[in-house]
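What follows is the residue order along each chain.
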Amino acid sequence: MRLAIAEQEKAEQTEATVRATAAAERAVAEHQEAARRALTLFEEYEHTAFAGGDVCAQLHVAIYNRLLSIFSDSPDDFSRVERHMREHGVQPDEATFTLLVRGLVNRGDYDEAMRVVLGSPQRGGVVPKARTYGSLLDAMCEHGRVGSVVEIHEEIKRQVQEY
């Protein structure tokens with residue numbers, strides 16, 4: 001009798017776990033779909049919403065950064081946002097570079113992530129912060145790229161000496 005009750009409880013727990021997992025997957029899918037719709041609207045109407053001014057430029061970067069953050073685990077959508085940002089001449093800030101590095105790492109493009117962090121011309125004078133280096137260092141350590149870790153460490157030392 002106790003065995004039957006225990007099996008019944010286990011079956012109920014398993015069923016509840018399956019339902020909860022399915023609900024979570026639906027919520028994530030709905031969130032990403034809503035974000036895609038937001039990106040599409042942003043692309044369609046940005047020219048009227050952000051017509052000039054430094055404050056608008058800062059808002060513009062903040063919106064792109066938020067979209068990059070939302071799509072950091074979705075390489076196609078992430079690339080779409082990144083491309084749109086470049087095409088419209090939006091100047092990235094330090095947060096943008098950190099998000100770009102995370103996105104590149106998420107899609108396995110470690111060499112490009114290294115190029116971005118180690119002084120690519122696209123960086124435009126923006127100095128990476130600890131969080132930018134940390135994202136890249138974590139990925140390089142995780143994938144056994146010791147030479148890259150040493151190279152990043154040397155860049156960090158150089159940055160510290162300059163300031």
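Residues numbered from 1 in each chain as written. Predicted model: local features only at pLDDT ≥ 70, side-chain atom pairs only at ≥ 80, totals over all residues. Heavy atoms only, no water.

Per the secondary structure count, the protein chain includes seven helices and zero strands. The helix and strand sequence of the protein chain, counted from the amino end, reads α-α-α-α-α-α-α. Counting over 163 residues, the protein chain shows a buried share of 33%. For the protein chain, the proportion of contacts with a sequence separation of at least 24, taken over those separated by at least 6, is 60%. (Helix = DSSP H or I, 4+ residues; strand = E, 2+ residues; numbered from the N terminus. Buried < 20%, exposed > 50% of the residue type's maximum accessible area, 1.4 Å probe, protein only. Contact = heavy atoms within 4.5 Å.)

Our focus in this paragraph is the nonpolar core. Counting 29 residues, the largest nonpolar core has Leu 68, Phe 71, Val 81, Val 101, Val 105 and Leu 136 as its most contacted members. Secondary structure elements with two or more residues in this core: helix H1 (2-49), helix H2 (54-70), helix H3 (75-87), helix H4 (94-106), helix H5 (110-117) and helix H6 (130-142). Among the elements that line this core, the one with the most residues is H4, at six residues. Beyond its immediate chain neighbours, meaning those up to four positions away, Val 105 contacts Tyr 110, Ala 113, Leu 136 and Ala 139. (Core = buried A, V, L, I, M, F, W, Y, C linked by side-chain atoms within 4.5 Å.)

The subject of this paragraph is H4. Since there are 3.6 residues in each turn of an α-helix, residues three or four apart along the chain are aligned in direction. Taking 1.5 Å per residue, 13 residues should reach 18 Å; H4 reaches 18 Å between its end C-alpha atoms and fits that length. Within H4, eleven of the 13 residues are buried, leaving the element largely enclosed by the surrounding structure. The opening residue of H4 is Asp 93, an N-cap whose side-chain oxygen sits 3.2 Å from the backbone nitrogen of Ala 95. (Expected span 1.5 Å × (residues − 1). Polar contact = N/O pair within 3.5 Å; in protein donor to acceptor, adjacent residues only side chain to side chain.)

On inspection of all chains with the given rule, the structure shows five salt bridges. Between Asp 111 and Arg 145 there is a salt bridge whose closest N-O contact spans 2.6 Å. On the criterion of sequence distance, the pair formed by Asp 111 in helix H5 and Arg 145 in the loop between H6 and helix H7 (146-162) is long-range, its members being 34 residues apart. Taking the relative accessible area as the measure of exposure, Asp 111 reaches 52% and is therefore exposed. Residue classification places Arg 145 among the partly exposed residues on the basis of a relative accessible area of 25%. (Salt bridge = Lys/Arg side-chain N within 4 Å of Asp/Glu carboxyl O.)

Another aspect to go through is the packing of H3 against H4. Running from amino to carboxyl end, H3 crosses H4 at an angle of 145°, the nearest separation of the two axes being 11 Å. Crossing handedness for the pair H3 and H4: left-handed. Residues Phe 78, Glu 82 and Met 85 of H3 touch H4, and the partners they reach there are Thr 96, Leu 99, Leu 100 and Gly 103. Classifying every residue of the contact of H3 with H4 gives four nonpolar, two polar and one charged. (Axes fitted to C-alpha atoms, helices over the stretch in contact; angles between N-to-C directions. Left-handed = near helix turned anticlockwise from the far one by under 90°. Nonpolar A, V, L, I, M, F, W, Y, C, P; charged D, E, K, R; others polar.)

With 13 residues, H3 should cover 18 Å at 1.5 Å per step; its first-to-last C-alpha distance of 18 Å lies within 8% of that length. Those residues of H3 lying buried are Asp 77, Phe 78, Val 81, Glu 82, His 84 and Met 85. Along the axis of H3, the buried residues cluster in a sector spanning 160°; they form a single face. The exposed residues of H3 that point more than 90 degrees off its buried face are Asp 76 and Glu 87. Of the residues one or two after H3, Gly 89 is the one with positive phi, at around 65°. (Arc of directions from axis to C-beta.)

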